[in-house]
Amino acid sequence: MSGPRPVRAPRGTELSALGWQQEAALRMLQNNLDPEVAEHPDKLVVYGGTGKAARDWRSFDAMVRTLKGLKQDETMLVQSGRPVGVMQTHEWAPRVLIANSNLVGDWANWEEFRRLEQLGLTMYGQMTAGSWIYIGTQGILQGTYETFAAVAAKKFDGTLAGTITLTAGLGGMGGAQPLAVTMNDGVAICIDVDPRAIERRIEHRYLDVKADSLEHALHLAVEARDARRPLSIGLLGNAAELLPRMLAEGAPIDIVTDQTSAHDPLAYLPVGVDFDDMASYAAKDPAGFTTRARESMARHVEAMVGFMDAGAEVFDYGNSIRGEAQLAGYDRAFAFPGFVPAYIRPLFCEGKGPFRWAALSGDPADIAKTDKAILDLFPENESLARWIKMAGERVHFQGLPARICWLGYGERDKAGERFNDMVASGELAAPLAIGRDHLDCGSVASPYRETEAMLDGSDAIADWPLLNAMVNVASGASWVSLHHGGGVGMGRSIHAGQVTVADGTKLGGEKIRRVLTNDPGMGVIRHVDAGYDIAESVADERGVRVPMREG
Ligand code: NAD
């Protein structure tokens, strides 16, 4: 019987598969479960509540075995974390095709999902967990940094210096918040019920200090704010209890958001339940737990609205907490906006999104060289340069060294081709896996997050992620995935991902050019179709063909 054990991707240039495309999939699957990377590797959980890389350990072993023997004209099919077939395809076809957590519309809810999960028929793939391109908390860091920079630009004269941000959730994604705030020179108070989450972020240098109490946290925060000194403070406790208390006491908070795992009511701790009892209670009485979690979320969101009424900048950070609070009967849950319509959509119109790459060599020097290549390629982009410099200094790698930076249409392909040349010339020690989050410009339908408040009302149209997956298959990606329920939970999103390997070959370069042009191209055409002027200008200037605008 196979069971939990520490997993770590091999480093270096010795292949255990028949080619680099397969080797990359193998290493990235293993890397997702590296204890440095995954939040709960023994349960195969990578991040985002219960986002998994493989359905069970037997399936994991079968995927590893299959990838090792997979030929250059074969494709492994993965159904919710289990390898279900190997088919003969061709050299341009992806080596792996993945479908995770998909359910037919009327059945697309947590209750039915959990019933099927209990039967061993499915798993929750989140976004990059089940598609093997999670790179640890860095993966969300730049997006979070840019979001807080946008908040600063909108309301605080371009800097968070002298402000206090209040948030909760220091998990795999939420753990980026404290560093993103201090990178913008602000002060952050970050609440979590799990003492290990706080310790882990301090260890990884995402969080500065831990407060002993609410009073201590506020004291530290005010002192740092008055000195305009960046500081992030971890505070142990339940957000649904602490936020209302802080509001009632008139805590001087300027910005409020949240990244608890609210998308999954079984991953949000209800008020009155001990953290240590959370897992057993959720397993024993999921319906009762869900009701209590939603009631707590309603209190939590009510306090967020209270802070908004008192003048704070408040936004939902993509975890569906407003939807859950509404289900509990709180009628002002949607009084504050989601972060995409508030700050990110203009970037999506340019095909921008969380582009990332991992060094399969395991050598941090490879990432330093790619950082330099990015700075050389885009010298005019100051905020990109600032990010790359800060990331080089402050980001602690988890697992295989990796880098994220938001690049748009006409930029990702340039970077990818340069990287492929660097592999070919031997400048890099080994190939790179180049991918992105599913939270991207043209790869997701998610009415509470990426497609909230679209100009033409097309929020729930899910044809786009399907087309995105198909175009990436047709363009030569190394593996392509199509998921349901990531980010915001069951019934609320459909999204696609791709990873393409820069292996230094001519064929690899051809595939990269097509994939990294067409993939962000989906973001441009999706937003042209919805009527965004910026997207139309980008399409005109950069030559993205949109038939309805021709002739
Ligand atoms: P995670 O499961 O790793 O961490 C969630 C954290 O919330 C845990 O540390 C948990 O202890 C804490 N928590 C649970 N209930 C709490 C409560 N009542 N009070 C205080 N803390 C509580 O999840 P993650 O990967 O960090 O993701 C967090 C959320 O953000 C998810 O809903 C995810 O889907 C969403 N998300 C947002 C983005 C984005 O771009 N904004 C991207 C990815 C994920």
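All values derive from a computational prediction rather than experimental measurement. (Residues numbered from 1 in each chain as written. Predicted model: local features only at pLDDT ≥ 70, side-chain atom pairs only at ≥ 80, totals over all residues.)

**Concerning the overall build of the chain**
Step number 1: Assigned secondary structure in the chain consists of 18 helices and 17 strands.
Step number 2: Rg of the C-alpha trace for the chain: 22 Å, near the compact-globule value of 24 Å for 551 residues, within the 12% margin.
Step number 3: Principal-axis analysis of the C-alpha atoms gives the chain an extent of 65 × 55 × 50 Å.
Step number 4: Within the chain, the proportion of its 551 residues that are buried is 59%. (Helix = DSSP H or I, 4+ residues; strand = E, 2+ residues; numbered from the N terminus. Rg over C-alpha atoms; globule rule 2.2 N^0.38 Å. Buried ≥ 20, exposed ≤ 12 C-beta atoms within 10 Å, placed from the backbone.)

**Description of the packing of helix 4 (residues 138-155) against helix 5 (residues 176-183)**
Step number 1: The N-to-C vectors of helix 4 and helix 5 enclose an angle of 45°; their axes lie 8 Å apart at closest approach. With respect to each other, helix 4 and helix 5 are oriented oblique. Note that helix 4 runs across helix 5; the crossing there is right-handed. In this structure, helix 4 uses Ile 140, Leu 141, Thr 144, Tyr 145 and Phe 148 to contact helix 5, whose residues at the interface are Ala 176, Gln 177, Leu 179, Ala 180, Val 181 and Met 183.
Step number 2: Residues of the contact of helix 4 with helix 5, tallied by class, amount to 9 nonpolar, 2 polar and no charged. (Axes fitted to C-alpha atoms, helices over the stretch in contact; angles between N-to-C directions. Parallel < 35°, antiparallel > 145°, perpendicular 65-115°, else oblique. Left-handed = near helix turned anticlockwise from the far one by under 90°. Contact = placed C-beta atoms within 7 Å. Nonpolar A, V, L, I, M, F, W, Y, C, P; charged D, E, K, R; others polar.)

**Focus on the pairing of strand 16 (residues 479-484)**
As a general feature of sheets, a regular strand has side chains that alternate between the two faces.
Step number 1: Burial of strand 16 is extensive: 6 of the 6 residues sit out of reach of the surface.
Step number 2: Of the two faces of strand 16, both are covered, the one formed by Trp 479, Ser 481 and His 483 as well as the one formed by Val 480, Leu 482 and His 484.
Step number 3: Bridge count for strand 5 (residues 96-100) against strand 16 is 5 bridges, and the pairing is parallel. Each residue of the ladder has a partner; that of Leu 97, found in strand 16, is Val 480.
Step number 4: Pairing of strand 16 with strand 17 (residues 494-502) involves 6 bridges; the strand directions are antiparallel. Bridge pairing links Leu 482 to Ala 496 in strand 17. (Pairing = 2+ DSSP bridges.)

**Some points on the site of the ligand**
Step number 1: With respect to spatial proximity, 34 residues lie near the ligand, and among them Gly 171, Met 173, Asp 194, Gly 318 and Asn 319 are the closest.
Step number 2: Listing elements by their share of the shell around the ligand, those giving two or more residues are helix 4, strand 7 (187-192) and helix 8 (239-248). (Near = placed C-beta within 6 Å.)

**Here we look at the UniProt feature "active site" (unreviewed entry) in the chain**
Step number 1: Under the UniProt annotation, "active site" (unreviewed entry) lies at Cys 405.
Step number 2: Topologically, Cys 405 is positioned in strand 13 (residues 402-407).
Step number 3: Setting aside residues no more than four positions away along its own chain, Cys 405 makes contact with Gln 142, Phe 355, Ile 374, Leu 384, Trp 387 and Ile 388. (UniProt positions renumbered as here; feature names shortened; annotations may be inferred.)

**Side note on helix 2 (residues 57-69)**
Step number 1: Here helix 2 contains 13 residues, and its C-alpha end-to-end distance of 19 Å stays within 8% of the 18 Å for a straight helix at 1.5 Å per residue.
Step number 2: If you check which residues of helix 2 are buried, you get Ser 59, Phe 60, Met 63, Thr 66 and Leu 67. Buried residues along helix 2 cover an arc of 135° about the axis, so they all sit on one side. Helix 2 presents Arg 65 and Gly 69 as exposed residues on the side facing more than 90 degrees away from its buried surface. (Expected span 1.5 Å × (residues − 1). Arc of directions from axis to C-beta.)

**Digging into helix 10 (residues 286-309)**
Step number 1: In a regular helix each residue adds 1.5 Å, so 24 residues correspond to 34 Å; helix 10 covers 34 Å between its end C-alpha atoms and thus fits that length.
Step number 2: Looking one or two places after helix 10, you find Gly 311, whose phi comes out positive at around 110°.

**With respect to the packing of helix 16 (residues 463-475) against helix 17 (residues 506-529)**
Step number 1: Interhelical geometry of helix 16 versus helix 17 gives an angle of 165° and a closest axis separation of 9 Å. Here helix 17 runs roughly antiparallel to helix 16, going by the angle between their axes. Like other packed secondary-structure pairs, helix 16 and helix 17 cross with a definite hand, here right-handed. Contacts from Trp 464, Leu 467, Asn 468, Val 471, Asn 472 and Ser 475 of helix 16 reach helix 17 at Lys 511, Arg 514, Val 515, Asn 518, Asp 519, Met 522 and Arg 526.
Step number 2: Classifying every residue of the contact of helix 16 with helix 17 by side-chain character gives 5 nonpolar, 4 polar and 4 charged.

**Considering the nonpolar core**
Step number 1: Ranked by size, the top nonpolar core spans 165 residues in total, and within it Ile 189, Ile 233, Met 297, Ala 358, Leu 432 and Ala 433 carry the most contacts.
Step number 2: Ignoring any residue separated from it by four or fewer positions in sequence, one finds Met 297 in contact with Ala 240, Ala 262, Tyr 268, Ile 321, Glu 324, Ala 325 and Ala 328. (Core = buried A, V, L, I, M, F, W, Y, C linked by C-beta atoms within 7 Å.)

**Observations concerning the environment of Pro 341**
Step number 1: The topology assignment puts Pro 341 in helix 12 (residues 339-349).
Step number 2: You can call Pro 341 partly exposed: it has 17 C-beta atoms within 10 Å.
Step number 3: When sequence neighbours within four positions are dropped, the list of residues in contact with Pro 341 reads Glu 452 and Ala 453.

**Notes on unusual backbone geometry**
Step number 1: Within the chain, Leu 44 stands out as a residue other than glycine whose phi angle is a positive 65°.
Step number 2: Relative to the assigned elements, Leu 44 resides in the loop between helix 1 (20-32) and strand 1 (45-47).
Step number 3: Look at Leu 44 and you get buried, because 25 C-beta atoms sit within 10 Å.
Step number 4: One non-glycine residue with positive phi stands out, namely Gln 126, at about 45°.
Step number 5: Within the secondary structure, Gln 126 sits in the loop between helix 3 (110-118) and helix 4.
Step number 6: Assessed through the 30 C-beta atoms surrounding it within 10 Å, Gln 126 is described here as buried.

**Observations regarding the sheet that holds strand 6 (residues 164-168)**
Step number 1: Sheet architecture is open: 6 strands sit in the order 8-9-7-6-10-11, paired in parallel fashion. Strands at the two margins of the open sheet, each flanked by one partner only, are strand 8 (209-210) and strand 11 (313-314).
Step number 2: As paired strands, strand 6 and strand 10 (residues 255-256) are joined by 2 bridges and run parallel to one another. Bridging across to strand 10, Thr 165 finds its partner in Ile 255.
Step number 3: Across the sheet, helix 7 (residues 214-226) is in contact with strand 6, strand 7, strand 8 and strand 9 (231-236); its angle to strand 9 comes to roughly 170°.

**Focus on the confidence of the model for the chain**
Step number 1: Confidence in the prediction for the chain averages 97 pLDDT; 100% of positions are at 70 or higher.
Step number 2: For this predicted complex, the interface score ipTM comes out at 0.98, while the overall pTM is 0.91. (pLDDT = per-residue confidence, 0-100.)

**Points about the pairing of strand 13**
Step number 1: Most of strand 13 sits out of view: 6 of its 6 residues are buried.
Step number 2: Side chains Ala 402, Ile 404 and Trp 406 of strand 13 all project onto a buried face; the interleaved residues Arg 403, Cys 405 and Leu 407 project onto the opposite face, where all are buried too.

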